Amino acid sequence: MEIWIWLSFIAFIFILLALDLGVFHKSPHLITFREALGWTCIWIITSLFFNGFIYFAYENHWLGIGQHIGVNITGKEAGLNFLTGYLIEKSLSIDNIFVIALIFTYFNTPLKFQHKILYWGILGALVFRGIMIVIGTTLINNFSWITYIFGALLLYSAYKLFKSEEESVEPDKNPFIRQIRKFFPVSNNIEEGRFFTRINGVYMVTPLLIVLVVIETTDIMFAVDSIPAIFAVTTDPFLVFTSNVFAILGLRSLYFVLASMLDKFQYLRLSLVFILAFVATKMLLIHFYKFPTFISLGIITGALATGVIVSLIRNKNDENNKNQPQEKINEKKMVNQI
């Protein structure tokens, strides 16, 4: 019965992706803020509905889930683990959005093709993350000490994120890009929105494929941070995979919502540093003390909320400081006129 729950979930995800690109976004077009915000809400609501399914499935052991599949936990515990894992992956994907925006800017990618690139990039991310989750679960189940390595890796990731001042994109140093250029010439034609083209009988790749490869390989590097992070919450492979999938599915629409506003949330990256450090601490202490899931959920939510609120307050103060000199000038003019 175990194989059916996995196949059913994968089929469900492919149906969602087919509807997304094949029906709702069949024709390339500019994604407006309103449209992106609407789709972001839809993906979040879908994730919450699935969280409800997780509760009832684990509570009633549908198809052996929570009994023969994964660990034997209650529906409440499974629901909290899914929601916490989803929030961790969602928050860490925000830093991924910073880099994606930089990649699109570097390659001067037309806005109308960005959704298509992100669609295929996320489809590839699901495959690679699935492979990494299988490897990570196998390592943890067979070598308990691997959690210390994962914890140390997350601490190092937090340190790198804290020290990083400005991201950079160097596609010429990407080994996959170098291999592509060895076998295929690169065309400058992106008007048709294809990844491959044929010019004078010669097959060529377009810059859109180069952008896709850069985004895909970048996501793999981010997965090295995010996958160990969710293992600090649960080692149930079904919960780990499904929470990852739903966090990634909403990444496209979230990108179009946040891309133009990233500079307004200047303290959000510090929140991500704190979350990584906290999750690393959980993983390092997992054999001595296990943080209750609801406490972890509260700490992560509080960290994100603090980063957003402090950023908004700072932006408001900066605007007031900019407007203050002009107001004083206007007051002086009024005094002189009197």
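Residues numbered from 1 in each chain as written. Predicted model: local features only at pLDDT ≥ 70, side-chain atom pairs only at ≥ 80, totals over all residues. Heavy atoms only, no water.

Whenever I open this one, the layout of surface pockets confuses me. Can you help?
Where empty space is left becomes clear once a probe the size of a water molecule has been rolled over the atoms. Of the pockets and cavities examined, the second largest pocket occupies roughly 440 Å³. The wall of the second largest pocket is formed by 20 residues, among which Ala 232, Val 233, Thr 234, Ile 286 and Lys 290 lie closest to the centre. A per-class count over the lining of the second largest pocket returns ten nonpolar, seven polar and three charged. (1 Å grid on protein atoms, 1.4 Å probe; cavity = no way out; pocket = protein on both sides within 12 Å on 5 of 7 lines; lining within 4 Å. Points joined across faces, edges and corners; volume = space filled by probe spheres on them. Nonpolar A, V, L, I, M, F, W, Y, C, P; charged D, E, K, R; others polar.)

Is there a simple way to think about the side chain of Ser 47 in this case?
Mapped onto the secondary structure, Ser 47 falls in helix H2 (residues 33-60). A distance of 2.8 Å separates a polar atom in the side chain of Ser 47 from the backbone oxygen of Trp 43. (Helix = DSSP H or I, 4+ residues; strand = E, 2+ residues; numbered from the N terminus. Polar contact = N/O pair within 3.5 Å; in protein donor to acceptor, adjacent residues only side chain to side chain.)

How do you make sense of unusual backbone geometry when you look at a structure like this?
In this structure, His 61 is a non-glycine residue whose phi angle is positive, near 55°. Within the fold, His 61 resides in the loop between H2 and helix H3 (75-106). The class for His 61 is partly exposed, based on a relative accessible area of 27%. One non-glycine residue, Asn 108, adopts positive backbone phi at about 55°. Inspection of the secondary structure assignment puts Asn 108 in the loop between H3 and helix H4 (111-142). (Buried < 20%, exposed > 50% of the residue type's maximum accessible area, 1.4 Å probe, protein only.)

I'm lost on the pattern of salt bridges in this one. Help?
Charged atoms that come close allow side chains of opposite charge to pair. For the structure on display, the rule yields two salt bridges. Notably, a salt bridge pairs Glu 89 with Arg 129, separated by 3.4 Å at the nearest N-O pair. Residue Glu 89 is located in helix H3, and its partner Arg 129 is located in helix H4; the two are separated by 40 residues in the primary sequence. Neither residue differs from the other here; Glu 89 and Arg 129 are each classed as buried. (Salt bridge = Lys/Arg side-chain N within 4 Å of Asp/Glu carboxyl O.)

What should I look at first to understand the packing of H3 against helix H8 (residues 237-249) in this one?
Between two packed helices, both the angle of their axes relative to each other and the distance between the axes serve to describe the pair. Contact geometry for H3 and H8: axes closest at 8 Å, N-to-C directions at 45°. With respect to each other, H3 and H8 are oriented oblique. As for the relative orientation of H3 and H8, their crossing is right-handed in sense. Facing Ala 78, Asn 81, Phe 82, Gly 85, Tyr 86, Glu 89 and Lys 90 of H3, the residues of H8 in contact are Leu 239, Thr 242, Ser 243, Asn 244, Phe 246 and Ala 247. Considered class by class, the residues forming the contact of H3 with H8 number six nonpolar, five polar and two charged. (Axes fitted to C-alpha atoms, helices over the stretch in contact; angles between N-to-C directions. Parallel < 35°, antiparallel > 145°, perpendicular 65-115°, else oblique. Left-handed = near helix turned anticlockwise from the far one by under 90°. Contact = heavy atoms within 4.5 Å.)

Where do I start with the pairing of strand E2 (residues 202-205) in this structure?
Regular strands place their side chains on alternate faces of the sheet. Taken together, the four bridges between strand E1 (residues 196-199) and E2 define a ladder with antiparallel strand orientation. Bridge pairing links Thr 197 to Met 204 in E2. Where E1 folds back on E2, the antiparallel hairpin that results is connected by two residues, among which Asn 200 adopts a positive phi of roughly 55°. (Pairing = 2+ DSSP bridges.)

What should I look at first to understand the nonpolar core in this one?
Soluble globular proteins tend to pack their nonpolar side chains together in the buried interior. Counting 92 residues, the largest nonpolar core has Ile 13 and Phe 238 as its most contacted members. The contact partners of Ile 13, leaving out residues within four places of it in the chain, are Leu 126, Val 245, Phe 246 and Leu 249. (Core = buried A, V, L, I, M, F, W, Y, C linked by side-chain atoms within 4.5 Å.)

Is there a simple way to explain the packing of helix H7 (residues 207-231) against H8 in this structure?
Taken N-terminus to C-terminus, the directions of H7 and H8 make an angle of 135°; their axes are 10 Å apart at the nearest point. In this view, H7 runs oblique relative to H8, as classed from their interaxial angle. Handedness of the crossing formed by H7 with H8: right-handed. Seen from H7, the contacting residues are Ile 227, Ile 230 and Phe 231; seen from H8, they are Val 240, Ser 243 and Asn 244.

Explain helix H10 (residues 268-284) here, please?
At 3.6 residues per turn, the α-helix brings residues three or four places apart onto the same side. Taking 1.5 Å per residue as the helical rise, H10 with its 17 residues ought to reach 24 Å, and the 24 Å between its terminal C-alpha atoms agrees with that figure. Taking burial as the measure, the 17 residues of H10 include twelve buried ones, the bulk of the element. Of the residues making up H10, those classed as buried are Leu 268, Arg 269, Ser 271, Leu 272, Val 273, Ile 275, Leu 276, Phe 278, Val 279, Ala 280, Lys 282 and Met 283. (Expected span 1.5 Å × (residues − 1).)

Looking at this model, I keep getting lost on the packing of aromatic side chains. Mind explaining?
Remark: the centre distance and the inter-plane angle together describe each pair of aromatic rings, the angle taken between the planes. For the coordinates displayed, the defined rule picks out 21 aromatic pairs. Taken together, a centroid distance of 5.2 Å and an interplanar angle of 90° make the contact between Trp 6 and Phe 238 edge-to-face. In this pair, Trp 6 is assigned in helix H1 (residues 2-24) and Phe 238 in helix H8, connecting sequence segments 232 residues apart. Judged on exposure class, the residue Trp 6 and its partner Phe 238 are both buried. (Phe/Tyr/Trp six-rings, centres within 6.5 Å; stacked < 30°, edge-to-face > 60°.)

Before we go on, may I ask you to explain H7 in this structure?
Helix length check: H7, at 25 residues, gives a terminal C-alpha distance of 36 Å against a target of 36 Å (1.5 Å per residue), a fit within 8%. Of all the bends in H7, the greatest measures close to 35° and is centred on Ala 223. Of all 25 residues that make up H7, 21 are buried, and the element is covered over most of its length. (Bend = angle between axes of the 7 residues up to and from the residue.)

How should a nonpolar patch on the surface be read in this particular structure?
On the surface, Ile 3, Trp 4, Leu 7, Tyr 55, Phe 56, Trp 62 and Leu 63 cluster together into a nonpolar patch covering about 720 Å² of accessible area. For the nonpolar patch, the elements supplying multiple residues, two or more each, are H1 and H2. In terms of residue count, H1 provides more of the nonpolar patch than any other element does, three residues in total. Mapped onto the fold, Phe 56 is located in helix H2. (Patch = residues over 30% accessible without salt bridge, like charges linked within 9 Å, V, L, I, M, F, W, Y side chains within 5 Å. Areas by Shrake-Rupley, 256 points an atom, 1.4 Å probe, with all protein chains shown as cover.)

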